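Residue-level listing of the chains:
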Amino acid sequence: MTSVLYDAQGPRAKRRNVVYTAVFLVAAAAVVWWVYRSLADKGQLDWEKWKPFFVGTEAWTTYILPGLKNTLIAASLSMLIALPLGAVFGIARLSDHAWVRIPASVVVEFFRAIPVLILMIFGLALFAKYTSVNSDDRPLYAVVTGLVLYNASVLAEIVRAGILSLPKGQTEAAHAIGLRKTQTMVSILLPQAVTAMLPAIVSQLVVIVKDTAIGGAILTFPELLASVSPMSSYYGANTIACFTIVALIYVALNFALTTFASWLERRLRRSKRGTGAVLGAEEVNELNAAEVGGGFATGASA
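## A look at the overall build of the chain
- The helix and strand tally for the chain stands at 12 helices and 0 strands.
- Starting at the N terminus, the α and β elements of the chain follow one another as α-α-α-α-α-α-α-α-α-α-α-α.
- Within the chain, contacts between residues separated by at least 24 positions form 71% of all contacts whose residues are at least 6 apart in sequence.
- When the accessible area of the chain is evaluated, it comes to approximately 18,900 Å², of which 66% is carbon and sulfur surface.

## Regarding the side chain of Ser232
- Among the structural elements, Ser232 can be located in helix α9 (residues 228-234).
- Once you skip the residues sitting within four places of it in the chain, Ser232 turns out to touch Ala237, Asn238, Thr239 and Cys242.

## A closer look at a nonpolar patch on the surface
- Together, Ile73, Leu77, Leu80, Ile81 and Leu85 make up a nonpolar patch on the protein surface, roughly 410 Å² of accessible area in all.
- Tracing the chain through its elements places Leu85 in helix α3 (residues 58-92).
- Overall, Leu85 belongs to the partly exposed group, its relative accessible area being 31%.

## Focus: helix α1 (residues 11-41)
- With 31 residues, α1 should cover 45 Å at 1.5 Å per step; its first-to-last C-alpha distance of 45 Å lies within 8% of that length.
- One or two residues past the end of α1 sits Gly43, with phi positive at roughly 75°.

## Some details on the nonpolar core
- Core analysis: the largest hydrophobic core is formed by 45 residues, its most contacted members being Phe53, Ile64, Val143, Leu224 and Met231.
- Sequence-distant contacts of Leu224, that is, excluding residues within four places in its chain, are made with Ile64, Gly67, Leu68, Thr71, Val246, Ile249 and Tyr250.

## Some words on the packing of aromatic side chains
- If you walk through the whole model with that rule in mind, you get 8 aromatic pairs.
- Consider the rings of Tyr63 and Tyr234, whose centres lie 6.2 Å apart with planes at 45°: the pair is tilted. Here Tyr234 lies in helix α9 and Tyr63 lies in helix α3, a separation of 171 residues in the sequence.
- Owing to a relative accessible area of 17%, Tyr63 belongs among the buried residues under this scheme.
- On the basis of relative accessible area, Tyr234 is assigned to the partly exposed category, the value being 48%.
- Aromatic side chains Tyr63 and Tyr235 sit 6.2 Å apart centroid to centroid with 70° between the ring planes, which places their arrangement in the edge-to-face category. Remark: Tyr235 occurs in the loop between α9 and α10 (239-271) and Tyr63 occurs in helix α3; sequence separation between them is 172 residues. Neither residue differs from the other here; Tyr63 and Tyr235 are each classed as buried.
- A network of ring pairs unites the aromatic residues Tyr63, Tyr234 and Tyr235 as a single cluster.

## What to know about the confidence of the model for the chain
- Looking at the chain as a whole, the pLDDT averages 84, with 87% of positions reaching at least 70.
- Contacts from residues 294-302, a stretch scored under 50 in pLDDT, to residues over four places away or in other chains number 7 contacts.

## Side note on the pattern of salt bridges
- Per the stated rule, a full pass over the model turns up 6 salt bridges.
- Here Glu157 and Arg93 are joined by a salt bridge, their closest N and O atoms 2.3 Å apart. Residue Glu157 is located in helix α6 (residues 138-164), and its partner Arg93 is located in the loop between α3 and α4 (98-113); the two are separated by 64 residues in the primary sequence. We note that Glu157, like Arg93, is buried.
- Where salt bridges share partners, they join Arg93, Glu109, Arg112, Glu157 and Arg160 into one cluster.

Scoring rules and cut-offs
Residues numbered from 1 in each chain as written. Predicted model: local features only at pLDDT ≥ 70, side-chain atom pairs only at ≥ 80, totals over all residues. Heavy atoms only, no water. Helix = DSSP H or I, 4+ residues; strand = E, 2+ residues; numbered from the N terminus. Contact = heavy atoms within 4.5 Å. Areas by Shrake-Rupley, 256 points an atom, 1.4 Å probe, with all protein chains shown as cover. Patch = residues over 30% accessible without salt bridge, like charges linked within 9 Å, V, L, I, M, F, W, Y side chains within 5 Å. Salt bridge = Lys/Arg side-chain N within 4 Å of Asp/Glu carboxyl O. Buried < 20%, exposed > 50% of the residue type's maximum accessible area, 1.4 Å probe, protein only. Expected span 1.5 Å × (residues − 1). Core = buried A, V, L, I, M, F, W, Y, C linked by side-chain atoms within 4.5 Å. Phe/Tyr/Trp six-rings, centres within 6.5 Å; stacked < 30°, edge-to-face > 60°. pLDDT = per-residue confidence, 0-100.

Encoded structure:
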């Protein structure tokens, strides 16, 4: 059987794929066994290394939960600021006015080209030299500043691409019924583009959550990943156990975020799905009359 995309495999190809699969599984099992034996030989799988996370709450209340709190604070602030800022710059890049479009494009391209780490370092120096923010809060401010500047520029491109992906007929139809540019953008284009942009936006929000760890590694921001070093030192060099627990927490956070986004996307698609019924002129007049209190029907009758 032949498909449009590929030809069906013959007997030799099927046997070859079976051999490749078996070799890969054996190699993967060998790597897993080697990792397991290496960790076991070095005592990283001993119960004493993992016991602090399952017996008592000291490890959680002293190290993990405070770090998780700071991670969520930095990520939440960055998301709340970067999302609307990115939408504004993305829409500005579509402006017909050059004095709006060109500066917005320069800002977006500039901050999108700079690594987020450099933005955080510059932010820390900026707050230290030109503001009265105390030294304890500067790492948080610097992390949020770097994340906002970088991710807002990326989100601006996502918004711009999402709006441009819509058929031109949407804009032409809106102009044909007398809507202004702002009304067309707010009422017609953005509501439709949100569903298309949602997967890319959520991917960028996941990046924000993970990039908070850069502040912990470089700016001594006490976030979740930064809790591994003192926790491992206190509990006897259980580095593998600490990293494993922290990694699982990151996975749970990002999985919850993507699951919520998937649910929201399905809900938006269902809410925009029509019945497919074709309405006649009388039904349309009745619907419009119900919306505007009978004014449309009266005008139509006149």
